[in-house]
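In case you want the letters, here they are:
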Amino acid sequence: MDEKQKLRNAEALAAEEAARLEAAYGELDAGEIIRLSAERFAADGGIATVSSFGADSAVLLHLIAQVDPALPVAFLDTGHHFGETLEYRDQLAADLGLENLVIVHPQDEPLARHDPDSQLHKVDTDLCCEIRKVEPMARAVEPYAAWFTGRKRHQAQTRAQMPVFEAVGPRIRINPLARWTTQDQADYMRAQKLRENPLVAFGYLSIGCFPCTQPVQPGEDPRSGRWAGQTKTECGIHLPQLERSLTSAA
Ligand code: SF4
């Protein structure tokens, strides 16, 4: 069997497995989804988490830590994060006892070729995100059969129909908080006394790289502070760009 056919088979299997898991576990609460998924993939390809350590990240990481603090947690260090986010990452990981924080950096060669002065975000945000987020993201999840995200349906129109389990190329992406609302999130943060990214207090309700993130006014869509003034709404790590990157990495 040639490599393309092997990949097509792996993608078909991932799609079947995602549908099976959605039917079996998709309506369970987030902690159960994480526990059962960790068991399912522990001995079959492995499972990781990807976190931005942004405004909403603490809840998923707390739930993960309750199940297994040794699960790998990947952080994409774009080189353009707020210093506050980097400090928060380390403080929150220590609070939760996370034992396997994996920091993934962009590759040197594309940075040198396309962004030698770190100003690419001013002229081509898509290429900048491709180099600093999408390709590193594909590398971060490449060793695993599945990974958790903290995405929620209420966050964007593009996520309104999002299942808990979805196939992305030959791998499975798991969104245990898909059904959670902003209120659920706030209630959990308060009940568990979780540390908040300090930028939230300054109106940054969706936090990415500092050149592309602005605070929002009370009542505004939290994601309106990302790439403000542009049509861009997602960096691509959750969109088909990632699937293409994963396919080429498979
Ligand atoms: S969010 Fe902005 S700075 Fe960060 S990778 Fe994308 S374009 Fe570059």
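All chains use their own residue numbering, which begins from 1 and follows the written sequence. pLDDT decides what is reported in this predicted model: residues at 70 or higher carry local features, side-chain atom pairs at 80 or more are listed and counted, and totals for whole chains, interfaces and linings draw on all residues regardless. Hydrogen atoms and water are omitted, and side-chain values are computed over all heavy atoms in the structure.

1. Details of the sheet that holds strand E2 (residues 73-76)
Item 1. Pairing between strands is defined by DSSP: at least two bridges between them are needed. Strands here mean DSSP runs of E at least two residues long; helices mean DSSP runs of H or I at least four residues long; both are numbered from the N terminus. Overall, mixed pairing links the six strands, which are arranged E3-E2-E1-E4-E6-E5 in an open sheet. Edge strands, defined here as strands with exactly one partner in the open sheet, are strand E3 (101-104) and strand E5 (165-168). Across the sheet, the axes of successive neighbouring strands diverge by a mean angle of 30 degrees, strand direction being ignored.
Item 2. As paired elements, E2 and E3 share four bridges and run parallel to each other. Considered in E3, the bridge of Ala74 is made with Val102.
Item 3. Contacts between helix H1 (residues 3-25) and the sheet are confined to E5 and strand E6 (171-174), with E5 contributing the most and set at about 170 degrees to the helix. Interaxial angles span 0 to 180 degrees and are taken between N-to-C directions of axes, which are lines fitted to C-alpha atoms, for helices over the stretch in contact. The contact criterion used is simple: two residues touch if any of their non-hydrogen atoms lie within 4.5 Å.

2. Some details on unusual backbone geometry
Item 1. Positive phi, normally seen in glycine, also occurs at Ser118, with a value near 60 degrees.
Item 2. Within the secondary structure, Ser118 sits in the loop between helix H5 (108-114) and helix H6 (125-141).
Item 3. The backbone phi angle of Lys193 is positive, close to 55 degrees, even though this residue is not glycine.
Item 4. Mapping Lys193 onto the fold places it in the loop between helix H7 (182-192) and helix H8 (240-249).
Item 5. With a relative accessible area of 74%, Lys193 lands in the exposed category. Accessibility here uses a 1.4 Å probe with only protein chains present; expressed as a share of the type maximum, an area under 20% marks a residue as buried, one over 50% as exposed, and anything in between as partly exposed.

3. Overview of the site of the ligand
Item 1. The ligand sits among ten residues. The nearest are Thr125, Cys128, Cys129, Cys209 and Cys212.
Item 2. Each residue receives one of three labels: charged for Asp, Glu, Lys and Arg, nonpolar for Ala, Val, Leu, Ile, Met, Phe, Trp, Tyr, Cys and Pro, and polar for the others, Gly being one of them. Across the shell around the ligand, the residue classes break down as five nonpolar, three polar and two charged. Proximity criterion: a residue is near a molecule or strand once any of its heavy atoms comes within 4 Å of it.

4. Digging into the UniProt feature "binding site: [4Fe-4S] cluster" (unreviewed entry) in the protein
Item 1. What UniProt calls "binding site: [4Fe-4S] cluster" (unreviewed entry) maps, in this numbering, to Cys128, Cys129, Cys209 and Cys212. Annotated residues spanning 85 residues; largest pairwise C-alpha distance 11.0 Å, indicating a single compact cluster.
Item 2. As for its position among the elements, Cys129 is in helix H6.
Item 3. The buried category is assigned to Cys209, whose relative accessible area is 11%. UniProt positions are given in the numbering used here, feature names are shortened, and annotations may be inferred rather than shown by experiment.

5. Quick word on the pattern of salt bridges
Item 1. A carboxyl oxygen of Asp or Glu within 4 Å of a side-chain nitrogen of Lys or Arg is what we treat as a salt bridge. Applying the stated criterion to the full structure yields 16 salt bridges.
Item 2. When the shortest N-O distance is used, the salt bridge between Glu32 and Arg35 registers 2.9 Å. Residue Glu32 and its partner Arg35 are located together in helix H2 (residues 30-42), separated by three residues, close to a single helical turn.
Item 3. The partly exposed category is assigned to Arg35, whose relative accessible area is 32%.
Item 4. If you follow the salt bridges from partner to partner, you end up with Glu17, Arg20, Arg40 and Asp44 in one network.

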